[in-house]
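Summary of structural features
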Amino acid sequence: MSANIRGGRAVRPYYLPCQDAGNFDVGQTGIAAAVVADGVSNNWRSEIASSCAVSEFLDRIAAAPERPDADFYSGLFTDLTNAIRKQAESETGRRPDQWPATTLLVAVFDQRATGGLTLAYVGDGAIWLVRGDRQDGIPLLLPTANRIGLEGVLNPEDEHIHPVVIRLDNGASWLGGWLVVIATDGVPLLFKDGGAIKR
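The residue numbering used here restarts from 1 in each chain and proceeds along that chain's sequence as written. Reporting in this predicted model follows two pLDDT cut-offs: at least 70 for local features of residues, and 80 or more for side-chain atom pairs to be given and counted; totals over whole chains, interfaces and linings ignore these cut-offs and use all residues. Only hydrogens and water are removed before side-chain values are computed, so all heavy atoms of the structure are retained for them.

Comments concerning the overall build of the protein
Just so we agree on the cut-off: Counting from the N terminus, the helices are DSSP H or I runs at least four residues long and the strands are E runs at least two residues long. Each residue gets one of three labels from its accessible area relative to the maximum for its type: buried under 20%, exposed over 50%, partly exposed in between, using a 1.4 Å probe on protein chains only. The contact rule is simple, with two residues in contact once any of their heavy atoms fall within 4.5 Å. Residue exposure ignores everything except the shown protein chains as possible cover, and the areas themselves are Shrake-Rupley values with a 1.4 Å probe.
Along its length, the protein carries three helices and eight strands. Within the protein, the fraction of its 199 residues that count as buried is 44%. For the protein, long-range pairs separated by at least 24 residues make up 68% of all intrachain contacts whose partners lie at least 6 apart in sequence. If you sum the accessible surface of the protein, you get close to 10,500 Å²; carbon and sulfur atoms cover 50% of it.

Concerning the pairing of strand β1 (residues 20-26)
Note the cut-off: We treat two strands as partners when DSSP finds at least two bridges between them.
The pairing of β1 with strand β2 (residues 31-39) spans seven bridges and is antiparallel. In the sheet register, A21 faces β2, and the bridge partner there is A37.

Focus: the side chain of T81
Quick reminder of the rule: Any pair of nitrogen or oxygen atoms within 3.5 Å is treated as a polar contact; in protein, a donor-acceptor pairing is required on top of that, and neighbouring residues in sequence qualify only through side-chain atoms on both sides.
Considering the arrangement of structural elements, one finds T81 in helix α2 (residues 70-92). For T81, the side chain forms a polar contact with the main-chain oxygen of T78, separated by 2.5 Å. Look past the residues within four positions of T81 in its chain and what remains in contact with it is L154, N155, P156, D158 and I161.

Quick notes on the sheet that holds strand β3 (residues 102-110)
Put simply, the rule reads: Only the stretch in contact is used when a helix axis is fitted, and all axes are lines through C-alpha atoms; the angle between N-to-C directions ranges over 0 to 180 degrees.
The sheet built from five strands is open, its strands ordered β1-β2-β3-β4-β7 with antiparallel pairing. Each edge of the open sheet carries a strand with a single partner, namely β1 and β7 (164-169). Adjacent strand axes in the sheet meet at a mean angle of 10°, parallel and antiparallel pairs treated alike. Here nine bridges tie β2 to β3, and the two strands are oriented antiparallel to one another. For D38, the partnering residue across the bridge sits in β3 and is T103. Set on the sheet, helix α1 (residues 46-61) makes contact with β1, β2 and β3; between it and β2 the angle comes to about 170°.

Here's the deal with the confidence of the model for the protein
Put simply, the rule reads: Each residue gets a pLDDT score, which is the predictor's confidence in that residue and runs from 0 to 100.
Averaged over the protein, the pLDDT score is 77; the fraction of residues at 70 or greater is 69%. Counting interchain partners and residues more than four positions distant, the pLDDT-below-50 stretch residues 10-15 has four contacts.

Let's talk about the packing of aromatic side chains
The condition is simple: Ring pairs shown here join Phe, Tyr and Trp side chains whose ring centres sit within 6.5 Å, with only the six-membered ring taken for Trp; geometry is labelled stacked below 30 degrees between planes, edge-to-face above 60, and tilted in between. Charge-over-ring placement is defined geometrically: NZ (Lys) or CZ (Arg) within 6 Å of the ring centre, and within 35 degrees of the ring normal.
A full pass over the atoms with the stated rule returns two aromatic pairs. Ring geometry for F72 versus Y73: centroids 5.3 Å apart, planes at 90°, classification edge-to-face. Judged by its relative accessible area of 23%, F72 falls in the partly exposed class. One Lys or Arg, R45, reaches over the ring of W44 and ends 5.7 Å from the middle of that ring.

Structural notes on α2
This is how it is decided: One fewer than the residue count of a helix, multiplied by 1.5 Å, yields its expected span.
For α2, which comprises 23 residues, the first-to-last C-alpha distance of 33 Å matches the rise-based estimate of 33 Å (1.5 Å per residue) to within 8%. Among the structural elements, α1, β3, β4 (116-122) and β7 are those in contact with the buried residues of α2. Measuring from the side-chain oxygen of the N-cap residue of α2 to the backbone nitrogen of D71 gives 3.2 Å; that N-cap residue is D69. Positive backbone phi, at 75°, marks G93, one or two positions downstream of α2.

Okay, structure coming up:
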């Protein structure tokens, strides 16, 4: 399985802070990762949380062991909340009255011999497997109004973060020719109910 990662982001009016962040990295260790974070607009300065979560995740995933399990991702996501706390305190010089918070969706392509594709997320967002030569897709995660309440976000107020982890092994030959789409909760506007792409 090879990784060909491309990214994009929405444009907001200049007077509104963009609380979304995303990036990707094709590392030298055989691990490639794409990350999307959507800052929680009801929380203070959530652009701090989203940008910090994206950069810190990409820095740390390069050192992942082979076949990292759900406990590894839980520990990593929890470490990200500590990084958000430190970043928020450094930018204000004090403990904020309210912590910035963010959703986080990641796709990790492990190109080592025993690797595969791992998807992990907290909060709202969207993940699809989309066939390049077809119009339909397999929705692995679709936004709902109550998902943040059910599955949490990256928030320094929480001591432990337990992301949902989906693992697809390298042996899954059907992965060839499929695109992995991870996005904030705005992208589903491009899809019909059930995952088909709108014309």
